[in-house]
Amino acid sequence: RARSLSLIVRVQSPEGMKKILSTKRETAAAFLKKVAKEFGFNSNGFSVYLNRNKTGEILSQNKALSLLKIKHGDMLFLYPSGTPGSMGEVMDVASSSSSSSLPSSASSSSSSSSLSRSQSAPQILEDEIDQYLAKQDGKIYRNRDPQLCRHGPMGKCVHCVPLEPFDEDYLNHLDPPVKHMSFHAYIRKLTGGADKGKFVALENISCKIRSGCEGHPPWPEGICTKCQPSAITLNRQKYRHVDNIMFENHTIADRFLDFWRKTGNQRMGYLYGRYTEHKDIPLGIRAEVAAIYEPPQIGTQNSLELLDDPRAAAVEEIAAKLGLRKVGWIFTDLLSEDTRIGTVRYTRNKDTYFLSAEECITAGDFQNRHPNPCRLSPDGHFGSKFVTVVATGGPDNQVHFEGYQVSNQCMALVRDECLLPCRDAPELGYAKESTTEQYVPDVFYKDKDKFGNDITHLARPLPVEYLIIDIPTTFPKDPVYTFSSTQRFPIENRDVLGETQDFHSLATYLSQSSSASFLDVVSDFHLLLFLVTNEVLPLGDSMGLLLDAVKTSNEELAQTWRKSEQWATIEQLCSTVGGQPAGSHDYGAMSGPSLPPSSSAMWSCQHCTFMNQPGTELCEMCSLPRS
């Protein structure tokens, strides 16, 4: 009879399952005390339920287990108090009704993978474009094939069922073929299947010795398998974080190239824009470029040296208020071939290199400075959306813009200082050897011999083709203008050309824009930067209203800011420097042509902005008249 009264109850918790020995007559309060003792909880640190969905809670009361309909062999479910999310949903993958897409927030219908991560790591604020794409279906829908489909209009078969965004056959048959799936398609591939990506974790590669190993002396006296970083075999990355780069209009690129056209020296700049959806590729991301900022630098015909930029923080602040961010960097590698017809040499191709090792290391450093927030990574970030654009000669000897990124493996090698360029071969890198100061893991890459066999080589030296990912760079058929000014305010840090940002150039710019609306006049990235950072009258905090007007293209806001004391002071300074009476700029009204500046000073052509020598009436570049 005692045997018939005894029973074993299974209790499942996030830490595992345990069996509790009890009797039918035992009260619920006594049974919960046994559970607390077995799992190491205090009396109120947990709750026990009859069902996995947290219904039918067993309260601490004097009712017998038999009255609660608990029988021998039953399974109960324990949840610690204050735990975010329901562990029952983590354990019961089949009960999750979410699709393979990443959820936007942890909820009862979220996938199990996001819930299990939310308990071990804080929520990561991803970029807006990532949050948007995570909510999209992403599948590639196909129409009914009239020849192969044998079903009705409401049916589906293998010839018309929607494809997954990572389908390689579909990507290879696009025109042109897509070699790399988008990053969000790669995530869908990882989080697909029966487990819904429960055990997926995008871990960043580390090339450093793990700290905290106390079983031996530190390097170089000792190392073990626990703290030793794994060897790296370089592979072609199957995905890319950005699938397309688009300049809003040709003016942005032309103004950047003007420096090389006038000096023959190379130039570098930062790309400011935004990330948007690229609809030509499933779940793709496009980097749209709205402006180029040129930092202080020293350029020659074959080298570039970046200098410290005291205005870097101000540029970031202005861009953020305009709804822009730093999306990449651009540099020129141009060598003139025939100045009469304007052709350039075709130097970067499959027989030489596309990116040199030094440029790959620089791109990797930039990408490490701008990581991509990612909830699937234990570190909170994975890879980067920062792009590299090269202005160089194409097969037709015209200027082409080529876009690239370096792989996450290259980012890790650069971050941990394991990669060096070769002095005599720009297409080759070199993996450092271990020294007493630094342990460097072995780096390998695979190649094919003349018989077609895979051969593994040590990356000393290393072809940089294994590190780069190409990205199409385009210009739209219908130009877009975030900054709508038709006149050209001088670009920053071009003093070597005689193009300076001062109140004299501002007065000239305003006199040329007298017939335009005030919003169009101030809608110039370089002008806004000058107004904030000039040493005579830095506006700084008082620019908020004007930046909002430019961001939203609101003429009323711009006119409101125009009536402020700051703009009146600027007009007074311009009239003093430029010799015009204060308040003579009548924006938005039709007025006669402005008087030409003094013939004893260099003047800027209104048509092509070329700086001409004093005493001339025709532009030396375009041969158009001065006025």
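Report follows, based on the coordinates. Here the structure is a predicted model, which is why all the values come from computation and not from measurement. (Residues numbered from 1 in each chain as written. Predicted model: local features only at pLDDT ≥ 70, side-chain atom pairs only at ≥ 80, totals over all residues. Heavy atoms only, no water.)

### Let's talk about the side chain of Gln 405
Thinking step 1. Among the structural elements, Gln 405 can be located in strand S19 (residues 399–406).
Thinking step 2. On the basis of relative accessible area, Gln 405 is assigned to the buried category, the value being 3%.
Thinking step 3. Within the structure, Gln 405 has its side chain in polar contact with the backbone oxygen of Ser 384 (distance 2.9 Å).
Thinking step 4. Residues within four places of Gln 405 in sequence aside, it is in contact with His 241, Val 242, Gln 367, Ser 384, Lys 385, Phe 386, Val 387, Leu 467, Ile 468, Ile 469 and Ile 471. (Helix = DSSP H or I, 4+ residues; strand = E, 2+ residues; numbered from the N terminus. Buried < 20%, exposed > 50% of the residue type's maximum accessible area, 1.4 Å probe, protein only. Polar contact = N/O pair within 3.5 Å; in protein donor to acceptor, adjacent residues only side chain to side chain. Contact = heavy atoms within 4.5 Å.)

### Topic: the environment of His 241
Thinking step 1. Secondary-structure assignment places His 241 in the loop between strand S7 (239–240) and strand S8 (244–247).
Thinking step 2. Owing to a relative accessible area of 3%, His 241 belongs among the buried residues under this scheme.
Thinking step 3. When sequence neighbours within four positions are dropped, the list of residues in contact with His 241 reads Phe 183, Ile 285, Asn 372, Phe 382, Gly 383, Ser 384, Lys 385, Gln 405 and Asn 408.

### Quick look at the nonpolar core
Thinking step 1. Grouped together as the largest cluster of nonpolar side chains are 71 residues, with contacts concentrated most on Leu 322, Phe 483, Leu 506, Leu 531 and Met 543.
Thinking step 2. If one sorts the elements of this core by residue count, helix H14 (residues 525–533) sits on top with seven residues.
Thinking step 3. If we ignore the near neighbours within four places in the chain, the residues touching Leu 322 are Phe 483, Phe 525, Leu 528, Leu 547, Val 550 and Lys 551.
Thinking step 4. In this structure, Ala 253, Phe 256, Ile 292 and Val 389 belong to the second largest nonpolar core, which totals 26 residues. (Core = buried A, V, L, I, M, F, W, Y, C linked by side-chain atoms within 4.5 Å.)

### Looking at the packing of helix H10 (residues 357–369) against helix H11 (residues 408–415)
Thinking step 1. In the contact formed by H10 and H11, the axes pass within 8 Å of each other and the chain directions differ by 90°. One element, H10, and the other, H11, form an angle in the roughly perpendicular class. From H10, Cys 360, Ile 361, Gly 364, Asp 365, Gln 367 and Asn 368 reach across to H11, where they touch Cys 410, Met 411, Val 414 and Arg 415.
Thinking step 2. By residue class, the composition of the contact of H10 with H11 is five nonpolar, three polar and two charged. (Axes fitted to C-alpha atoms, helices over the stretch in contact; angles between N-to-C directions. Parallel < 35°, antiparallel > 145°, perpendicular 65-115°, else oblique. Nonpolar A, V, L, I, M, F, W, Y, C, P; charged D, E, K, R; others polar.)

### Examining the sheet that holds S19
Thinking step 1. Reading across the sheet, the eight strands line up as S25-S19-S18-S13-S9-S10-S8-S26 and stay open at both edges, with mixed pairing between neighbours. Of all the strands in the sheet, the pair left with one neighbour each is strand S25 (468–471) and strand S26 (473–474).
Thinking step 2. The pairing of S8 with S26 spans two bridges and is parallel. Directly across from Met 246, in S26, lies its bridge partner Thr 474.
Thinking step 3. Along the sheet, helix H8 (residues 250–263) makes contact with S8, strand S9 (268–278), strand S10 (284–293), strand S13 (325–333), strand S18 (387–393) and S19, crossing S10 at roughly 45°. (Pairing = 2+ DSSP bridges.)

### Quick look at the pairing of S10
In summary, the side chains of a regular strand alternate between the two faces of the sheet.
Thinking step 1. Summarising burial for S10: 10 of the 10 residues are buried, a large majority.
Thinking step 2. With four bridges joining them, S8 and S10 adopt parallel strand pairing. Paired with Ile 245 across the strands is Ala 287, a residue of S10.
Thinking step 3. The pairing of S9 with S10 spans nine bridges and is antiparallel. Bridge pairing in S10 places His 278 opposite Gly 284.
Thinking step 4. Between S9 and the antiparallel strand that follows it, S10, lie five residues; Leu 283 among them carries a positive phi value of about 55°.

### With respect to the sheet that holds strand S6 (residues 232–234)
Backbone-to-backbone hydrogen bonds pair the strands of a sheet. The strands run either parallel or antiparallel.
Thinking step 1. Reading across from one edge, S6-S22-S23 is the order of the three strands in this open sheet, with mixed pairing throughout. Strands at the two margins of the open sheet, each flanked by one partner only, are S6 and strand S23 (454–458). Looking at each pair of strands side by side, their axes are set apart by 35° on average, direction ignored.
Thinking step 2. Where strand S22 (residues 443–448) meets S23, five bridges bridge the pair, whose relative direction is antiparallel. Pairing of Phe 444 across the sheet is with Leu 458, part of S23.
Thinking step 3. Each of S6 and S22 is contacted by H11, which is oriented at about 135° to S6, the strand it contacts most.

### Quick word on helix H9 (residues 312–321)
Thinking step 1. Those residues of H9 lying buried are Val 315, Ile 318 and Ala 319. Here the buried residues of H9 occupy an arc of 100° about the axis, which is enough to place them on one side. Residues of H9 that are exposed and point more than 90 degrees away from the buried face comprise Ala 313 and Ala 320.
Thinking step 2. Contact partners of the buried residues in H9: S9, S10, H14 and helix H15 (544–552).
Thinking step 3. Two residues or fewer past H9, Gly 323 is found with a positive phi of approximately 80°. (Arc of directions from axis to C-beta.)

### Overview of the pairing of strand S21 (residues 428–431)
Thinking step 1. Where burial is concerned, the two faces of S21 differ: the one with Gly 429 and Ala 431 is buried and the one with Leu 428 and Tyr 430 is not.
Thinking step 2. Where S21 and strand S24 (residues 462–463) come together, two bridges link them in antiparallel fashion. Residue Gly 429 lies in a different strand from S24, and its bridge partner there is Leu 462.

### Notes on the packing of aromatic side chains
Thinking step 1. On inspection of all chains with the given rule, the structure shows 20 aromatic pairs.
Thinking step 2. When the centroid spacing of 5.6 Å and the interplanar angle of 45° are considered together, the rings of Phe 183 and Tyr 239 count as tilted. Of this pair, Phe 183 sits in helix H7 (residues 183–190) while Tyr 239 sits in strand S7, and the two are 56 residues apart along the sequence.
Thinking step 3. For Phe 183, a relative accessible area of 4% gives the class buried.
Thinking step 4. Between Trp 219 and Tyr 439 the ring centres are 5.0 Å apart and the planes differ by 75°, which places this aromatic pair in the edge-to-face class. With Trp 219 in the loop between H7 and S6 and Tyr 439 in the loop between S21 and S22, this residue pair connects regions lying 220 residues apart in the sequence.
Thinking step 5. When its relative accessible area of 15% is taken as the criterion, Tyr 439 is described as buried.
Thinking step 6. Taken together through their ring pairs, the aromatic side chains of Tyr 270, Trp 329, Phe 331, Phe 366 and Phe 386 make up a single cluster.
Thinking step 7. Its end group placed over the ring of Tyr 79, Lys 54 keeps NZ or CZ at 5.3 Å from the ring centre.
Thinking step 8. A cation over a ring is seen here: Lys 326 above Tyr 270, with NZ or CZ 4.1 Å from the ring centre. (Phe/Tyr/Trp six-rings, centres within 6.5 Å; stacked < 30°, edge-to-face > 60°. Lys NZ or Arg CZ within 6 Å of the ring centre and 35° of its normal.)

### Some details on the pattern of salt bridges
Thinking step 1. In this structure the tally under the stated criterion is 25 salt bridges.
Thinking step 2. A salt bridge links Lys 385 to Asp 130, with the shortest nitrogen-to-oxygen separation between them at 2.7 Å. Of this pair, Lys 385 sits in the loop between strand S17 (381–384) and S18 while Asp 130 sits in helix H5 (residues 128–134), and the two are 255 residues apart along the sequence.
Thinking step 3. Taking relative accessible area as the criterion, Lys 385 reaches 4% and is therefore assigned buried.
Thinking step 4. Exposure remark for Asp 130: the relative accessible area of 2% places this residue in the buried category.
Thinking step 5. Note that Lys 321 is salt-bridged to Glu 317, the shortest N-O span being 3.4 Å. Of this pair, Lys 321 and Glu 317 both sit in helix H9, four residues apart, which is roughly one turn of the helix.
Thinking step 6. Here the salt bridges share partners, and the residues they tie into one network are Lys 262, Arg 267, Glu 294, Arg 494 and Glu 499. (Salt bridge = Lys/Arg side-chain N within 4 Å of Asp/Glu carboxyl O.)

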